[in-house]
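Here are the chains, one letter per residue:
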Amino acid sequence: MVRRNSNIAKLHAGYLFPEINRRRRKLLEQDPDARIISLGVGNTTEPLTGHISEGLVGSAKGLGTVGGYSGYGDEQGLTELRSKIGERVYGGSVDAGEVFISDGAKCDIGRLQVMFGSGVTVAVQDPAYPVYVDGSVIVGATGGYNEGRALFDGIEYMSCTPENDFFPDLQNTRRTDLIYFCSPNNPTGAVASKKQLKELVDFAADNRSIIIFDAAYSEFISDSKLPKTIFDVKGSREVALEVNSFSKMVGFTGVRLGWTVVPDELKFDDGSGVNRDWDRVTCTIFNGASNIAQQGGLASLDDEGLAEMRETIAYYMENARIIKDALDEMGVTTYGGVNAPYIWAHFPGRNSWDVFEEILNKCHVVTTPGSGFGPAGEGFIRFSAFGHRQDIQEAVERLKAKLR
Ligand code: PL4
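J.: I tried to follow helix α10 (residues 291-300) on my own but got confused; where do I start?
T.: Since the α-helix advances by 3.6 residues per turn, residues separated by three or four positions end up pointing in the same direction. Counted residue by residue, α10 has seven buried out of 10 residues, so it is predominantly covered. Of all the positions in α10, only A293, Q294, G296, G297, L298, A299 and S300 are classed as buried. Residues of α10 that are buried make contact with α3 (50-62), α4 (79-88), β2 (99-102), α8 (247-250) and α11 (303-329). The opening residue of α10, the one whose side-chain oxygen lies 3.1 Å from the backbone nitrogen of I292, is S290.

Written out as structure tokens, the structure reads:
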């Protein structure tokens, strides 16, 4: 018999999103005719656009020809795509050698957790995308689950609430090796200002910490004053790396393509480069992103692709406006949903899972309970703006009719 990995035994509940699906299935068992609308998981719904899908199709067809066939590529990704990301996303401030193409931000976060190992301490925004905490627990980068506090020992939870403008009180935050920071934030929809990010970068520099900056929703920022990348902030290259994704910006949730930028200046305490170790980990436990997906990524960053991306994002952001307006009309206080595809709705004094169940059972609308993202999410519900317009409209009509 093989002994179970004791770190996995520490996880105190099922992963959030499968649990939501389980509850949805339960409703369908009880009421097979229920027409359930999902505003839960942030999953894209709209078809790929013309130029971008042509990039994918052209590549797939090419694979069926002698001249167009390719097998394994470089583990770090196509040089052309690495350069193009450096140029078109970072305006030339990031070198191709600092960009590593991946099969998605979530997968890279897992591999980063492998690279940093079990000997690190970790801080997360509370609430946060669950992968930061659960992945850290799996690799053993925490102590045990502390029942009394309902938190994991060894993880610093940086409370982000309306009271502090969803930005942590860094003066009262313990020093950790790693700081996960997501902006635009999942789930609150808050976007950190440049001043706030500068404060974060200075905090990391003073503490010799490394920031893992998750910018998966950066393209949803329409306010030009807000930073789309941590690298807009002076001093960030010495203290931060950034993960990003094509998933939400062009609908590649199923195609799978992302990237991580590890600047040359980012060092471990022995002076060695993080970039070099990331390259080693990438080459060892990853075999490169799909060559078809990478051609889709290249097409996405052409002028035509970028124009299509803006249209797709505008569509989802109009959904966000519709949801936010409806909740406002119902007297529910909301946050986010302006520069991010998530609306963070407050139900003061209520238990998030109870509100989730009420919305599911009365309206047949799936949401995500805020407490699934951390203790500070209790009393909140996350509404995702990813959906067909018709479904969004019907969902808000049901909410208005059956919830208030
Ligand atoms: C559902 C902050 C969604 N089963 O697609 P990827 O891997 O490039 O990006 C994943 C990702 C990375 N970083 C942030 C994210 O919010 C996401 C996707 N999050 C959500 O509803 O919160 C999809 C979640 C998926 C999962 O577990 O990640």
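So that's the structure; there's more coming.
J.: What is the right way to look at the domain arrangement of the chain in this model?
T.: Quite often, the size of an interface is put as the accessible area lost when its parts meet. As far as domains go, the chain holds domain 1 (6-48 + 305-402) and domain 2 (52-302). Taking only C-alpha atoms into account, the centre of domain 1 sits 24 Å from that of domain 2. In this assembly, 37 residues from domain 1 lie in contact with 53 residues from domain 2. Of the roughly 3500 Å² buried at the junction of domain 1 and domain 2 (both faces included), carbon and sulfur atoms supply 67%. Considering only the surface of domain 1 that becomes buried against domain 2, Y15, L48 and N339 emerge as the three largest contributors, covering 19% of it. Viewed at the interface, domain 2 and domain 1 are joined by 14 residue pairs in polar contact (both at pLDDT 80 or more). Elements with a contribution of two residues or more to the side of domain 1 that touches domain 2: α1 (6-10), α2 (16-30), α11, β11 (333-336), β12 (342-346) and β15 (380-384). Per element, the largest residue contribution to the side of domain 1 that touches domain 2 is eight residues, and it comes from α11.

J.: Honestly, the packing of aromatic side chains in this entry has me stumped. Any pointers?
T.: The description of an aromatic ring pair rests on the distance of the ring centres and on the angle between the ring planes. Counted under the stated rule, the structure contains 19 aromatic pairs. Residues Y90 and F231 carry aromatic rings whose centres are separated by 6.2 Å and whose planes lie at 65 degrees to one another, so their mutual orientation is edge-to-face. Of this pair, Y90 sits in the loop between α4 and β2 while F231 sits in the loop between β8 (210-214) and β9 (240-245), and the two are 141 residues apart along the sequence. Ring geometry for F166 against Y335: centres 5.3 Å apart, planes inclined by 70 degrees, an arrangement best described as edge-to-face. Of this pair, F166 sits in the loop between β6 (155-159) and β7 (178-182) while Y335 is found in strand β11, placing the two residues 169 residues apart along the sequence. For Y335, a relative accessible area of 23% translates into the label partly exposed. Here the aromatic cluster, defined as three or more aromatic residues joined through ring pairs, consists of Y217, F220, Y315, Y316, Y342 and F386.

Reading guide: rules and limits
- Residues numbered from 1 in each chain as written.
- Predicted model: local features only at pLDDT ≥ 70, side-chain atom pairs only at ≥ 80, totals over all residues.
- Heavy atoms only, no water.
- Buried < 20%, exposed > 50% of the residue type's maximum accessible area, 1.4 Å probe, protein only.
- Helix = DSSP H or I, 4+ residues; strand = E, 2+ residues; numbered from the N terminus.
- Contact = heavy atoms within 4.5 Å.
- Polar contact = N/O pair within 3.5 Å; in protein donor to acceptor, adjacent residues only side chain to side chain.
- Domains from an automatic or database assignment.
- Buried area = accessible area lost by both parts, 1.4 Å probe.
- Phe/Tyr/Trp six-rings, centres within 6.5 Å; stacked < 30°, edge-to-face > 60°.

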